[in-house]
Amino acid sequence: MMEIQTEAMQARAVRIYREGKAEEYAAGTEKFDEVLSAWEDMTQDAFPMPAFGVSIDSLTREELKKGTWVELLFDGERGKELPFERLLVKCEPDYHGFNLIRYTQGGYNGRCYYLDLREKEMRPFCEKIKNL
C-alpha cells in the first residue's frame, strides 16, 4: 500500500471540484505544481492503512456536487493492490486522515485507500486549494 504516496506524484493532471463545478490543471502548470507540493507536504509522513470505506459510483457522484474535492488523474491504470485511473479526495480541513476514492473502469466503485496523516490535519492542503 506504500505505493499510493509515490503514485500520487505521477498524476498527469489535477481536477478541483467546488460545489460540482470542475477546474482542471495539467502537469507542468503553476497551479498543478502548487497542488502537488501541498499534497506532498500533507502526505509526507502519512501512514497508509486499509480503508473501511467502499465507494458506490452514484453516491460519490452526488457528493461531488457538495463541498470541495481534489481528483488526481493518471495516464492509464495505476496501482498494484487496488487499481485506479483517478484518485478522489474530499477536502475536510479538520481531518487527520482521509479516503482516496478509486475511479476505475468508468466509475467510483469499490474499496478505497486510506491515509492517516498522524499529527497533521488537512487544513493547509485545503487552504491551498481554496486559494487557487
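Look up: the structure comes first, before these words.
All values reported here derive from a predicted model rather than from experimental measurement. (Residues numbered from 1 in each chain as written. Predicted model: local features only at pLDDT ≥ 70, side-chain atom pairs only at ≥ 80, totals over all residues. Heavy atoms only, no water.)

Some remarks on the packing of helix H2 (residues 30-43) against helix H4 (residues 123-130)
Packed helices, taken two at a time, are described by the angle their axes make and the gap between the axes. At their nearest, the axes of H2 and H4 sit 9 Å apart, and the two run at 170° to each other. Considering the angle they form, H2 stands roughly antiparallel to H4. Where H2 abuts H4, its residues Glu-34, Val-35, Ala-38, Trp-39 and Met-42 lie against Phe-125, Lys-128 and Ile-129. Among the residues forming the contact of H2 with H4, the class breakdown is six nonpolar, no polar and two charged. (Axes fitted to C-alpha atoms, helices over the stretch in contact; angles between N-to-C directions. Helix = DSSP H or I, 4+ residues; strand = E, 2+ residues; numbered from the N terminus. Parallel < 35°, antiparallel > 145°, perpendicular 65-115°, else oblique. Contact = heavy atoms within 4.5 Å. Nonpolar A, V, L, I, M, F, W, Y, C, P; charged D, E, K, R; others polar.)

Digging into the environment of Phe-52
Tracing the backbone shows Phe-52 in strand S3 (residues 47-55). When the C-alpha positions of Phe-52 and Ala-22 are compared, they lie 27 Å apart, and in sequence the two are 30 residues distant.

Some thoughts on the nonpolar core
By size, the foremost hydrophobic cluster in this structure holds 30 residues, and its most contacted members are Trp-39, Phe-98, Leu-100 and Phe-125. Other than its neighbours up to four places away in sequence, Leu-100 contacts Ile-4, Trp-39, Leu-87, Leu-88, Val-89, Cys-112, Tyr-113 and Leu-115. Grouped together as the second largest cluster of nonpolar side chains are nine residues, Leu-64, Trp-69, Leu-88 and Tyr-103 included. (Core = buried A, V, L, I, M, F, W, Y, C linked by side-chain atoms within 4.5 Å. Buried < 20%, exposed > 50% of the residue type's maximum accessible area, 1.4 Å probe, protein only.)

With respect to the sheet that holds S3
The antiparallel open sheet is built from seven strands, whose spatial order is S2-S1-S4-S5-S6-S7-S3. Across the chains shown, the open sheet's two edge strands, defined by having one partner strand only, are strand S2 (21-26) and S3. Averaged over all pairs of adjacent strands, the angle between their axes in this sheet comes to 25°, without regard to strand direction. In this sheet, strand S4 (residues 68-78) lies alongside strand S1 (residues 13-18) in antiparallel orientation, the contact comprising six bridges. Bridge pairing in S4 links Tyr-17 to Trp-69. (Pairing = 2+ DSSP bridges.)

As for the packing of aromatic side chains
Aromatic ring pairs: the centre-centre distance and the angle between the two ring planes describe each pair. The tally for this structure, following the rule as stated, stands at five aromatic pairs. With a centroid separation of 5.7 Å and 70° between ring planes, the pair formed by Trp-39 and Phe-125 is classed as edge-to-face. Separated by 86 residues along the polypeptide, Trp-39 in helix H2 and Phe-125 in helix H4 bring together distant segments of the chain. Using a relative accessible area of 3% as the deciding quantity, one classes Trp-39 as buried. Using a relative accessible area of 2% as the deciding quantity, one classes Phe-125 as buried. Here Tyr-103 and Tyr-108 contribute two aromatic rings whose centre-to-centre distance is 4.9 Å and whose plane-to-plane angle is 70°, an arrangement assigned as edge-to-face. For the residue pair Tyr-103 and Tyr-108, the accessibility class agrees, reading buried in each case. A connected cluster of aromatic rings, assembled from ring pairs, spans Trp-39, Phe-98 and Phe-125. The positively charged end of Arg-86 is found above the aromatic ring belonging to Tyr-103, 3.8 Å away from the centroid. (Phe/Tyr/Trp six-rings, centres within 6.5 Å; stacked < 30°, edge-to-face > 60°. Lys NZ or Arg CZ within 6 Å of the ring centre and 35° of its normal.)

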